[in-house]
Every structure is written in structure tokens, then in C-alpha cells.
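# Fold and geometry: a report
Residue strings, one per chain:
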Amino acid sequence: MRIYLIGYMGSGKSTVGKGLAKNLNLTFIDMDDFIEQRNMRTIPQIFADDGEEGFRKIERKALVELSAFDDVVIGTGGGAPCFFDNMDMIKKTGKSVYLKGSPRILAQRLKNSKVERPLIKGKNEEELIAFIDETLAKREKWYKQADVVLDFDHDLSDEEVLEVVK
Ligand code: S3P
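Owing to the predicted nature of the structure, the values given are computational and were not obtained by experimental measurement. (Residues numbered from 1 in each chain as written. Predicted model: local features only at pLDDT ≥ 70, side-chain atom pairs only at ≥ 80, totals over all residues. Heavy atoms only, no water.)

### Points about the overall build of the protein
As a reminder, the rule being used: Helix and strand labels come from DSSP, where a helix needs a run of H or I of at least four residues and a strand needs a run of E of at least two; each type is numbered from the N terminus. In this description the radius of gyration comes from C-alpha coordinates, and the expected globular size is given by 2.2 Å times residues to the power 0.38. In this scheme, a residue with accessible area under 20% of its type's maximum is buried, one over 50% is exposed, and one in between is partly exposed, where area comes from a 1.4 Å probe on protein chains only. Residue contacts follow a heavy-atom distance rule, with two residues in contact if any of their heavy atoms lie within 4.5 Å. The Shrake-Rupley method, run with a 1.4 Å probe sphere, supplies the accessible areas, and residue values consider only the shown protein chains as cover. His is not counted, nor are the chain ends; Lys and Arg add positive charge and Asp and Glu add negative charge. We put the charge of a Lys on NZ, of an Arg on CZ, of an Asp on CG and of a Glu on CD.
Regarding its fold elements, the protein presents seven helices and five strands. Against the 2.2 N^0.38 benchmark of 15 Å for 166 residues, the protein shows a C-alpha radius of gyration of 15 Å, consistent with a compact globule. Oriented by its inertia axes, the alpha-carbon framework of the protein measures out at about 40 × 35 × 25 Å. Residues classed as buried in the protein amount to 46% of the 166 residues present. When contacts within the protein are restricted to residue pairs at least 6 apart in sequence, long-range pairs at least 24 apart make up 75% of them. In the structure as shown, the protein presents an accessible area of about 8,900 Å², 49% of it carried by carbon and sulfur atoms. Averaging the locations of the 26 positively and 29 negatively charged side chains of the protein gives two centres separated by 2 Å.

### Focus on the packing of aromatic side chains
As a reminder of what qualifies: Pairing of aromatic side chains requires ring centres within 6.5 Å, counting the rings of Phe and Tyr and the six-membered ring of Trp. Pairs whose planes differ by under 30 degrees are stacked, by over 60 edge-to-face, and all others tilted. In this analysis the charged atom, NZ for Lys or CZ for Arg, is taken to sit over a ring once it is within 6 Å of the ring centre and within 35 degrees of the ring normal.
Across all of its chains, the model carries three aromatic pairs by this definition. Between Phe34 and Phe69, the aromatic rings sit 5.8 Å apart at their centres with planes inclined by 90 degrees, giving edge-to-face as the arrangement. With Phe34 in helix H2 (residues 31–39) and Phe69 in the loop between helix H3 (43–66) and strand S3 (72–75), this pair connects stretches of sequence that are 35 residues apart. The exposure class assigned to Phe34 is buried, which follows from its relative accessible area of 9%. Sitting over the ring of Phe131, Lys123 keeps its end group 5.0 Å from the ring centre.

So, in C-alpha cells, the structure goes:
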């Protein structure tokens, strides 16, 4: 059993993933945490040292490794499905769930988040919404390939997620 949660930054992959894993008796793995441990650098450090291009290669390697793990719920990085043939690999090696949030909700969550995300660092609210609108439009063609699309306009309870995924 291997479930991938995909979706934009701030869509709740970690929160939902932890609840889902607990309910299904699986282990939750956050891809960014996995990358940081494997590389002994934080995500912002990797972006600073290697640029986004370098990060995407490291992210791809992490996906290859994680796609061999069993009995896991994997919270992917927001951009992970949208580079190389990562989405094909996700689809071939597990079930995928797209947590689809509106730009308004995503911006709200990201504004309040303590996680440092290099792609949106230093953006004010207006710039953040414009950035989300633009990148989400480009990314949706990958996200939409997920086996399940969970469209939400509120914070999802564990029960709601479980119901749909089951
Ligand atoms: C990114 C999302 C981040 C992290 C990196 C790039 C993206 O993960 O992988 O900062 O390109 O959307 P989260 O979606 O967990 O924030």
C-alpha cells in the first residue's frame, strides 16, 4: 500500500497525511523532511546552494527512493509531480490524492505558515496570490491526473479525507 498526497504548497498534505496514515495504520513520510535528512541540508539551503534546478534533481532522486517504500502515505513537495516524469512514476507506484485548494485558502495558509519556502519568500499578500494563480494554473495539468481529487474550501477533517480515499 502506497498513497501519495499531492497538491500546492499549503494544501494540507502533511496534516491530512498524518491523519490518514494513522487511520490506515500506515507510516507518514514528508518528502521535504526526507530530502533534508538525506542531504543534511534544509530545503532553503539546497535552493541557495544549487538553485531550483538542483533541488528538482534531488527531489526526483528522493521520489525514486520513496516509490519503493511499502505501507506509507507520502506527502510530496508541492512541485514534485510537475517535473521530469515524476507524475507518471507516482501513478505507476501508488494511489494518488490531489488536495485541491483555492488560491485564496492557499494564500491564507501560507501567510500564516512558519515553514520557510524559497519560492514565495518575501512576497506580500498581493504578490503571493498572483504567484499562486500563475503557478497553480501551470501545475494543475499534473495535479489533475491524480486518482482522487479532493476539492475543498475548508479545513478537512480526518473523517472526510478517509471517507473519500477509502
Ligand atoms: C515547493 C514546495 C515545497 C518544497 C519546496 C518547493 C514547490 O513543499 O518542496 O519549497 O515547488 O511547490 P511543500 O508543498 O510541502 O510546501
